[in-house]
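Chain by chain, the residues run as shown.
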Amino acid sequence: MLTLQLDEVRRLTGPSLLWDKSGAIIDVLFEGIEQQSVLSCLQKWVEHLLSEFDWKQESYTHRLHQFGLNFALSAPLDSLYSACDVLELAWDCTVSELQHSALPDWSARLHVIAAELKQEKNPAMLALMHAAEQHQVSCLLDDDHISLGMGATTSTWPVREIPDLESIPWAQYKDIPSALITGTNGKSTSVRLAAQMAKAAGICVGVTSTDFIRVGDEIIDYGDYSGPGGARMLLRDTRCELAVLEVARGGILRRGLPVKKVNAALITNVASDHLGQYGINTVAELAQTKFVVAKALDECNVLVLNADDQLVISQSKHVKASICWFSCDEFNPLIQQQLQLGAPAVFIRQGEIIYHHQGQYDAICHVSHVPMTLNGAAVHNVQNALGVVGLAKALHLPQAAIMQGLQQFGSDSQDNPGRGNVYHINGRQVIVDFAHNEHGMRAVVNMAKQLNASRYISMFSHAGDRSNDDMHNLTSAVRALDAAVYVIAELDKYLRGRAPHEVPALSRQFLLEMGVDDQGILTADSPLQGAQKAVAAAEHGDVVLLFVLEQRQEIHEWLLSQSEPSVTV
């Protein structure tokens, strides 16, 4: 059966997986037809419409994947909405031709697009951006505003009120040091830790993340600010002296990178998560997406990479930037290679975090003095610490500030909310973590199993848009804890097409199939109720592991009402 589906059309404003140009991209899904037939027909219509539209100078590219293709069309930054319309029209014509149905009135629609383009065009804006490039000044653009410079030197204007170019004092505009952090897990922790190190150096640091945007100690807003919008808001803040930007997979695929150039970047790891979106269907393709951050680096900048991650290692072969490898194992082949070359590396030697560069070995801090590692039990946070040390060195932060940041950054709800937060309640250790993919959940389970515990109790839940296979794998990750009691919580806000209680019932069945006794499985109507049931089931000496995807604040407040949080074990 032939199916041809338009998934999404959107603007590309920065370097992306497909290329470095601005423009529009269309995601289409199809089955029952050869890929090349769809691609050839779409290319034909794009070329025809570009010719009719007098956009002959623009180019296009594509990417085929298992279920369809991504097709990108270049366009000036003042024509992106029109480029989206052209692509959508080309797809409508393609579908009609392949289905042997009547073609849309493409000429009339193109006439409408041409009229809209006249309203969209902004020659003064493009002239300012071109002049900024000539003067090597950063220029940030959104729908309503355009700005020059970063931090204290920033000037911002409405896009329709651009000053005369001759009146602009170009020499006053400067960039601030900046870094990108991406990866499947550990991004937010790494952003916050890097900010703590910069703060220890007396720098007013700004961060964007999936949780909030913050400058200094002030949180500007809560929400997912891991895309270009958050980066622009931060870089335009006149208080910001250094920016650490969390860059998530979704933001890279939707819009491209938030900035074209940074001083350093960190990729924490790559593992299966959110596959099947934007044509990313394999972990290898996800790795390619994460490595888009390398496009913001030149050969003089540093890309910090995980030498214990095979997907990262494989993808690193395509990188031109200087690489700083990090590993928990000093004798990792890549670490040894860096030492021989005099290249940067971060590793553990006899419990000490060591940074190496050009034959010099700097002892930064003992792992046991880094609270978020829980005396080394949280191996994933040991890796996060190593990566951030490499990033901080690339940003030229003082060693004393790096050490101080490591020692001051706690595994609590204030420093790192939702990531390995530890509470002590009447002789029971309670750990709260936001991990929601198999890689992250197994890392947290492994951490919990390193702690002294009479028994383990766990509460978890899954979003409804996960496949049954994904839910089985996630449940298997929690099963590895070998807990005495498992509490499965319903997520009312994340049913996403599932029937009420369907997901807990599936997880319960998976646990039974994995050999868990029925008496050791409880259910709850919400994560808060699940946390309360899990803590109630625990006894003195037990460790309670709560995977909290919803009601984090409510659970935090309830746990605080029972006992004070702690970062010690």
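About the thresholds
- Residues numbered from 1 in each chain as written.
- Predicted model: local features only at pLDDT ≥ 70, side-chain atom pairs only at ≥ 80, totals over all residues.
- Heavy atoms only, no water.
- Helix = DSSP H or I, 4+ residues; strand = E, 2+ residues; numbered from the N terminus.
- Rg over C-alpha atoms; globule rule 2.2 N^0.38 Å.
- Contact = heavy atoms within 4.5 Å.
- 1 Å grid on protein atoms, 1.4 Å probe; cavity = no way out; pocket = protein on both sides within 12 Å on 5 of 7 lines; lining within 4 Å.
- Points joined across faces, edges and corners; volume = space filled by probe spheres on them.
- Nonpolar A, V, L, I, M, F, W, Y, C, P; charged D, E, K, R; others polar.
- Buried < 20%, exposed > 50% of the residue type's maximum accessible area, 1.4 Å probe, protein only.
- Lys, Arg positive; Asp, Glu negative; His and termini not counted.
- Salt bridge = Lys/Arg side-chain N within 4 Å of Asp/Glu carboxyl O.
- Axes fitted to C-alpha atoms, helices over the stretch in contact; angles between N-to-C directions.
- Parallel < 35°, antiparallel > 145°, perpendicular 65-115°, else oblique.
- Left-handed = near helix turned anticlockwise from the far one by under 90°.
- Pairing = 2+ DSSP bridges.
- Core = buried A, V, L, I, M, F, W, Y, C linked by side-chain atoms within 4.5 Å.
- pLDDT = per-residue confidence, 0-100.

J.: How do you make sense of the overall build of the chain when you look at a structure like this?
T.: Helix and strand counts for the chain come out as 17 helices and 24 strands. Its C-alpha atoms give the chain a radius of gyration of 25 Å, within 12% of the compact-globule value 25 Å for 569 residues. Taking the principal axes of the C-alpha coordinates as reference, the chain spans close to 75 × 60 × 45 Å. The contacts of the chain with a sequence gap of at least 6 include a subset with a gap of at least 24, amounting to 65%.

J.: Help me out: how do you make sense of empty space enclosed by the protein in this one?
T.: Picture a little ball the size of a water molecule; that probe, rolled over the atoms, points out where space is still empty. Across all of its chains, the model carries 1 cavity of 30 Å³ or more by this definition. Its boundaries defined by the atoms lining it, the largest cavity holds a volume of some 60 Å³. Lining of the largest cavity is provided by 13 residues; of these, Arg10, Leu17, Leu18, Ile25 and Leu253 occupy positions nearest its centre. Contributions of two or more residues to the lining of the largest cavity are made by β1 (3-12), β2 (23-31) and α7 (249-255). When the residues that make up the lining of the largest cavity are grouped by side-chain class, the tally is 8 nonpolar, 2 polar and 3 charged.

J.: Would you mind showing me how to read the side chain of Arg428 here?
T.: Inspection of the secondary structure puts Arg428 in strand β20 (residues 428-433). Buried charged residue Arg428 carries no salt bridge. Nearest counter-charge: Asp542, at 7.3 Å. Ignoring sequence-local partners within four residues, the contact set of Arg428 consists of Tyr423, Val535, Ala538, Glu539, His540 and Asp542.

J.: It is not clear to me how the pattern of salt bridges should be interpreted in this structure. Could you clarify?
T.: Side chains carrying opposite charge are able to pair once their charged atoms draw close together. All told, the structure shown has 25 salt bridges when counted by the stated rule. Arg109 is paired through a salt bridge with Asp92; the nearest N and O atoms lie 3.0 Å apart. Taken together, the residues Arg109 in helix α3 (residues 106-120) and Asp92 in helix α2 (residues 80-98) connect sequence positions 17 residues apart. By relative accessible area, Arg109 is classed as partly exposed at 32%. Between Lys261 and Asp298 there is a salt bridge, and its shortest N-O distance comes to 3.9 Å. One end of the pair, Lys261, is in the loop between α7 and β13 (264-267); the other, Asp298, is in the loop between α8 (283-290) and β14 (302-306), and 37 residues separate them in sequence. Assessed through its relative accessible area of 33%, Asp298 is described here as partly exposed.

J.: Mind showing me how you'd approach the packing of helix α1 (residues 35-53) against α2 here?
T.: When two helices pack together, you describe them by how their axes are tilted relative to each other and by the distance separating the axes. Interaxial distance between α1 and α2 falls to 9 Å at its minimum, and their mutual angle equals 130 degrees. Judged on the interaxial angle alone, α2 and α1 are oblique. Handedness of the crossing formed by α1 with α2: right-handed. Here Ser37, Val38, Cys41, Leu42, Lys44, Trp45, Val46, Leu49 and Phe53 of α1 come into contact with α2, specifically with Val86, Leu87, Leu89, Ala90, Trp91, Cys93, Thr94, Glu97 and Leu98. Counted by class, the contact of α1 with α2 contains 14 nonpolar, 2 polar and 2 charged residues.

J.: I'm lost on the environment of Glu58 in this one. Help?
T.: Along the chain, the position of Glu58 falls in the loop between α1 and β3 (60-65). Sequence separation between Glu58 and Leu395 is 337 residues; the distance between their C-alpha atoms is 37 Å. Contact partners of Glu58, with chain neighbours within four places excluded, come to Leu50, Leu73, Ser74, Ala75 and Pro76.

J.: I keep staring at the sheet that holds strand β5 (residues 139-141) and nothing clicks. Help me out?
T.: In spatial order, the strands read β5-β6-β7; together these 3 strands make up an open sheet with antiparallel pairing. Each having just a single partner strand, β5 and β7 (155-158) make up the two edges of the open sheet. Geometrically, the sheet is characterised by an average inter-axis angle of 20 degrees between neighbouring strands, direction not taken into account. Here strand β6 (residues 145-148) runs beside β7; their pairing, made up of 4 bridges, is antiparallel. From the neighbouring strand, Ile146 faces β7, where its bridge partner is Trp157. Contacts between helix α4 (residues 123-134) and the sheet are confined to β5, β6 and β7, with β6 contributing the most and set at about 20 degrees to the helix.

J.: Quick question: what am I supposed to make of the nonpolar core here?
T.: Soluble, globular proteins show a tendency: their nonpolar side chains are buried together. Counting residues in each nonpolar core, the largest one holds 47 residues, and the members touching the most others are Leu180, Leu257, Ile267, Val293, Leu303, Leu305 and Trp325. Beyond its immediate sequence surroundings of up to four residues, Leu305 is in contact with Ile267, Phe291, Val312, Ser316, Ile323, Cys324, Trp325 and Phe326. Ala194, Phe212, Val244 and Cys365 belong to the second-largest nonpolar core, a separate cluster that totals 41 residues.

J.: I tried to follow unusual backbone geometry on my own but got confused; where do I start?
T.: One can expect most non-glycine residues to show negative phi and most peptide bonds to be in trans. Phi at Asp54 is positive, roughly 60 degrees, even though this residue is not glycine. Within the secondary structure, Asp54 sits in the loop between α1 and β3.

J.: Looking at this structure, I do not really get the layout of surface pockets. What am I missing?
T.: Its volume calculated, the second largest pocket comes out at about 1400 Å³. Elements that contribute at least two residues to the lining of the second largest pocket include exactly α2, α4, β5 and α6 (228-235). In terms of residues, the lining of the second largest pocket owes the most to one element, α4, which gives 6 residues. Residues of the lining of the second largest pocket, tallied by class, amount to 20 nonpolar, 9 polar and 15 charged.

J.: Before we go on, may I ask you to explain the confidence of the model for the chain in this structure?
T.: Detailed reading of the predicted coordinates is not advisable wherever pLDDT is low. Scored by pLDDT, the chain has a mean of 93; 98% of the residues are at 70 or more. Scored below 50 in pLDDT, residues 565-569 shows 17 contacts in the model against residues more than four places distant or in partner chains.

J.: Which parts of the structure should I look at to understand the pairing of β2?
T.: In terms of residue burial, β2 counts as a mostly covered element, since 7 of its 9 residues are buried. When β1 meets β2, the two strands line up antiparallel, connected through 9 bridges. Bridge pairing in β2 places Glu8 opposite Asp27. Sheet analysis places β2 next to strand β4 (residues 68-74), joined by 7 bridges and oriented antiparallel. Across the sheet, residue Ile26 finds its bridge partner in β4, namely Phe71.

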